[in-house]
Amino acid sequence: MTRTRFAPSPTGFLHIGGARTALFSWAYARHHGGEFVLRIEDTDVARSTPEAVQAILDGMNWLGLAHDEGPFYQMQRMDRYKNVIQDMLAAGTAYPCYTTPEELERMREEQRMKGLKPRYDGTWRPEPGKTLPTPPSNAAPVVRFRNPLEGTVAWDDLVKGPIEIANAELDDLVIARADGTPTYNFCVVVDDWEMGITHVIRGDDHVNNTPRQINILKALGAQVPLYAHLSMILGADGLKLSKRHGAVSVMLYDDEGYLPEAVLNYLARLGWSHGDDEIFSMQQFCEWFNLDHITPSAAQFNTEKLNWLNAHYLKQADSARLAALVRPRLEARGVAVSDRPSLSAIINLYKERVGNLNELADAAEVFYIDLHPRADILVQYLTPEVMPALADFIAGAKEVEWDAAAISALIKACIARHGLKMPKLAMLLRVLLTGQAQTPSVDAVVALFPRELAVKRLSAVASK
Ligand code: GLU
């Protein structure tokens, strides 16, 4: 059974890079009918916060990346890690080391002066026939992993291809500190092993950890998972992704009015491709996604493309669903949403023309507030020649059938009677009713308003 995991450290929000890693891990499990595990790596107690855990859970939930198991919290698994350390000490694959931090520093300094790579010198490493120094009576040791001295550690990275590191390059890693707490790489290893992870999909900032993790897994007799290291995401300017271009919480995309399906579709194409396909559902993505078409080079963030996808998904989305997403945005602005006109009727008319949910809220807001069109826009459209036609329209509006077809006929009749071109009256109606000269089809916009409200807004200036 394929088992993947997403293992964020809760030291900040779920950002775009993390969300893509989560998406790929999730989709890989789905593709293979496997399981997706969520693991919170909270052992860095100084930097981990409950708020960050919540932000990660909220982000995953908003994106709809449901886990099959977890969330597991590493801080709740300390006893398990300590037991494995005891087992390794007993098996001789790990050993206590009493070298003090000061001694280590001196050792490294001497190595540097000799032009050597700084490393632990193996003083406390047991070897056949070697007599170890006598442990000091009042010092607690760290525990080191007994890394193989010879040979290489190699894996066929599912993104980067074959990677091989000489064991001579690797130190005997500290797996438990003097106070007994296990270290980062060790917890990851025990978890990947015990959680039966078959595919580790993660950011390539972890490539350097992988040979150490593989050696420990082998020492434990564990099945070594396959690894796929995803390359970084760069900003559009080719620089490391910063707050300015996307390294922000995925929840900020919610604030900015993006739909989760647009963000997911966008993330899916960050470093992965399926021919020329740009727009696809998550169901489609899970059917297609394997690790064969992930580019090993860095992906570039492109806000325009995200915006384009968002506009696409807004157009497609069910208006009632969008209304449920727009309503709280209006309420947060203090706008009282009524059902005359209904929010979903407004959205139905406007969703093809906007880029995000906040623009949709902007468009809907004018239907519910006490609107005062801006004076500079009014002077532009409220010309003496159009006033009689406006009065005519208001008179007719009190009587006609209140639907777009009848309103359209009324507009045409009014301009014909006063010898005007269509935009003269249509633009004025738009501005008086919505405050804006650009709207969807004028008859449809007028028809959205309850008749009395339309007449009231139009009469407010006509009588001046
Ligand atoms: N906790 C690590 C991080 O947030 C990920 C570890 C892993 O995926 O192995 O970067």
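The coordinates are above.
Residues numbered from 1 in each chain as written. Predicted model: local features only at pLDDT ≥ 70, side-chain atom pairs only at ≥ 80, totals over all residues. Heavy atoms only, no water.

**Considering the nonpolar core**
Just so we agree on the cut-off: Working definition of a nonpolar core: buried Ala, Val, Leu, Ile, Met, Phe, Trp, Tyr and Cys residues. They are joined through side-chain atoms within 4.5 Å. Type-normalised accessible area, obtained with a 1.4 Å probe on protein chains alone, sets the label of each residue: buried when under 20%, exposed when over 50%, and partly exposed for intermediate values. Two residues form a contact once any of their heavy atoms are found within 4.5 Å.
Counting residues in each nonpolar core, the largest one holds 106 residues, and the members touching the most others are Leu-23, Phe-285 and Phe-393. The contact partners of Phe-285, leaving out residues within four places of it in the chain, are Leu-23, Phe-24, Ala-27, Ala-268, Trp-272 and Phe-280. With 30 residues, the next largest nonpolar core counts Val-84, Val-153, Ala-176 and Ala-222 among its residues.

**Looking at the site of the ligand**
Threshold: Residues are counted as near a molecule or strand when any one of their heavy atoms sits within 4 Å of it. Polar contact is the term for a pair of N or O atoms within 3.5 Å; when the atoms are in protein, one must be able to donate a hydrogen and the other to accept it, and sequence-neighboring residues count only if both atoms are side-chain atoms. Computed with the Shrake-Rupley method and a 1.4 Å probe, the accessible areas treat only the protein chains shown as cover for residues. Residue classes follow a fixed rule: Ala, Val, Leu, Ile, Met, Phe, Trp, Tyr, Cys and Pro count as nonpolar, while Asp, Glu, Lys and Arg count as charged, and any other residue, Gly among them, counts as polar.
As a structural note, the neighbourhood of the ligand is formed by Arg-5, Ala-7, Pro-8, Ser-9, Glu-41, Tyr-184, Val-188, Arg-202 and His-206. Between a nitrogen atom of the ligand and a side-chain N or O atom of Glu-41, the distance comes to 2.5 Å. With respect to the ligand, the side chain of Arg-202 contributes an N or O atom lying 2.8 Å from an oxygen atom. For the ligand, the protein covers 81% of the area, taking 300 Å² as the surface of the free molecule. Among the residues forming the shell around the ligand, the class breakdown is 4 nonpolar, 2 polar and 3 charged.

**Here's the deal with the pairing of strand 5 (residues 142-145)**
For clarity, the cut-off: The helix and strand labels rest on DSSP assignments: H or I over at least four residues marks a helix, E over at least two residues marks a strand, and numbering proceeds from the N terminus. Strands are labelled as partners when DSSP assigns at least two bridges between them.
Of the two faces of strand 5, both are covered, the one formed by Val-142 and Arg-144 as well as the one formed by Val-143 and Phe-145. With 4 bridges connecting them, strand 4 (residues 94-97) and strand 5 associate as antiparallel partners. In the sheet register, Ala-94 faces strand 5, and the bridge partner there is Phe-145. Here strand 5 runs beside strand 8 (residues 174-176); their pairing, made up of 2 bridges, is antiparallel.

**Some remarks on helix 4 (residues 101-113)**
Note the following rule: One fewer than the residue count of a helix, multiplied by 1.5 Å, yields its expected span.
With 13 residues, helix 4 extends 18 Å between its outermost C-alpha atoms, agreeing within 8% with the 18 Å of an ideal straight helix rising 1.5 Å per residue. Those residues of helix 4 that are buried are in contact with strand 5. In the segment just after helix 4, Gly-115 is the residue with positive phi, at about 75°.

**Quick notes on the packing of helix 8 (residues 260-268) against helix 10 (residues 303-316)**
What counts, and what does not: Axis lines are fitted through C-alpha atoms, for helices just across the contact stretch, and the angle between N-to-C directions can take any value from 0 to 180 degrees. Relative orientations are named as follows: roughly parallel for angles under 35 degrees, roughly antiparallel for angles over 145 degrees, roughly perpendicular for angles from 65 to 115 degrees, and oblique for any other angle. For any pair of crossing helices, the crossing counts as left-handed if the nearer helix is rotated counterclockwise from the farther one by less than a right angle, and right-handed if it is rotated clockwise.
Where helix 8 contacts helix 10, the two axes come as close as 8 Å, and the packing angle between them is 135°. It follows from the interaxial angle that helix 8 and helix 10 lie oblique. In this structure, the crossing between helix 8 and helix 10 has a hand that is right-handed. Contacts between helix 8 and helix 10 involve Glu-261, Ala-262, Val-263, Asn-265 and Tyr-266 from the former and Lys-305, Leu-306, Leu-309, Asn-310 and Tyr-313 from the latter. By residue class, the composition of the contact of helix 8 with helix 10 is 6 nonpolar, 2 polar and 2 charged.

**Considering the environment of Tyr-95**
Here Tyr-95 lies in strand 4. Residues Tyr-95 and Glu-105, spaced 10 residues apart in sequence, show a C-alpha to C-alpha distance of 20 Å. If sequence neighbours within four positions are ignored, Tyr-95 has contacts with Leu-89, Tyr-120, Trp-124, Arg-125, Pro-126, Val-142, Val-143, Arg-144, Phe-145, Arg-146 and Asp-172. Side-chain polar atoms of Tyr-95 contact the side chain of Asp-172, separated by 2.6 Å.

**Examining the environment of Arg-177**
Note that Arg-177 resides in the loop between strand 8 and helix 5 (184-194). Spatially, the C-alpha atom of Arg-177 lies 4.8 Å from that of Val-142, the residues being 35 residues apart in sequence. If sequence neighbours within four positions are ignored, Arg-177 has contacts with Pro-141, Val-142, Pro-182 and Thr-183.

**Observations concerning the side chain of Asn-215**
As for its placement among the helices and strands, Asn-215 is situated in helix 6 (residues 210-219). Here the side chain of Asn-215 touches Asn-167 through a polar contact of 2.9 Å, side chain to side chain. In this view, Asn-215 contacts Phe-145, Asn-147, Pro-148, Val-153, Asn-167 and Leu-170; residues no more than four positions away in its chain are not counted.

**Digging into the packing of aromatic side chains**
Note the threshold: Two rings from Phe, Tyr or Trp (for Trp, the six-membered ring) form a pair when their centres sit within 6.5 Å of each other. Planes less than 30 degrees apart are called stacked, planes more than 60 degrees apart edge-to-face, and all others tilted.
Applying the stated criterion to the full structure yields 15 aromatic pairs. Judged by centre distance (4.9 Å) and plane angle (45°), the rings of Phe-24 and Phe-289 are tilted. Residue Phe-24 is found in helix 1 (residues 16-31), and its partner Phe-289 is found in the loop between helix 9 (282-288) and strand 12 (299-300); the two are separated by 265 residues along the sequence. Judged by its relative accessible area of 0%, Phe-24 falls in the buried class. A relative accessible area of 0% places Phe-289 in the buried class. Summarising the aromatic geometry, the rings of Trp-272 and Phe-285 are spaced 4.9 Å apart at their centres and angled 80° between planes, so their arrangement reads as edge-to-face. With Trp-272 in the loop between helix 8 and helix 9 and Phe-285 in helix 9, this residue pair connects regions lying 13 residues apart in the sequence. The same class applies to Trp-272 and to Phe-285, which are both buried. Joined through ring pairs, the aromatic side chains of Phe-24, Tyr-28, Trp-272, Phe-280, Phe-285, Trp-288 and Phe-289 make up one cluster.

**Comments concerning the pairing of strand 10 (residues 226-230)**
In plain terms, the rule: The path from the first strand over the helix to the second decides the hand: if it runs clockwise while the strands point away from the viewer, the crossover is right-handed.
With 4 of its 5 residues buried, strand 10 lies for the most part within the structure. In the sheet, strand 9 (residues 199-203) pairs with strand 10 via 5 bridges, with the strands oriented parallel. If you follow His-199 over to strand 10, its bridge partner there is Leu-226. In this fold, strand 9 hands off to helix 6, which returns the chain to strand 10; that crossover is right-handed.

**Focus on unusual backbone geometry**
Most peptide bonds adopt trans geometry, and most residues besides glycine take a negative phi value. In this chain, Gly-70 is followed by Pro-71 through a cis amide linkage whose omega measures 0°. Mapped onto the elements, Pro-71 comes out in strand 3 (residues 69-73). Residues Arg-340 and Pro-341 are joined by a peptide bond in cis, for which omega reads 0°. Tracing the backbone through its elements, the reader meets Pro-341 in the loop between helix 11 (319-332) and helix 12 (343-350).

**What to know about the packing of helix 15 (residues 387-397) against helix 17 (residues 422-434)**
Between helix 15 and helix 17, the shortest axis-to-axis distance is 10 Å and the interhelical angle comes to 65°. One element, helix 15, and the other, helix 17, form an angle in the roughly perpendicular class. For the pair helix 15 and helix 17, the crossing hand works out as right-handed. Note on element contacts: helix 17 touches helix 15 through Leu-425, Leu-428, Leu-429 and Leu-432, opposite Ala-389, Leu-390 and Phe-393. Looking at side-chain class alone, the contact of helix 15 with helix 17 contains 7 nonpolar, no polar and no charged residues.

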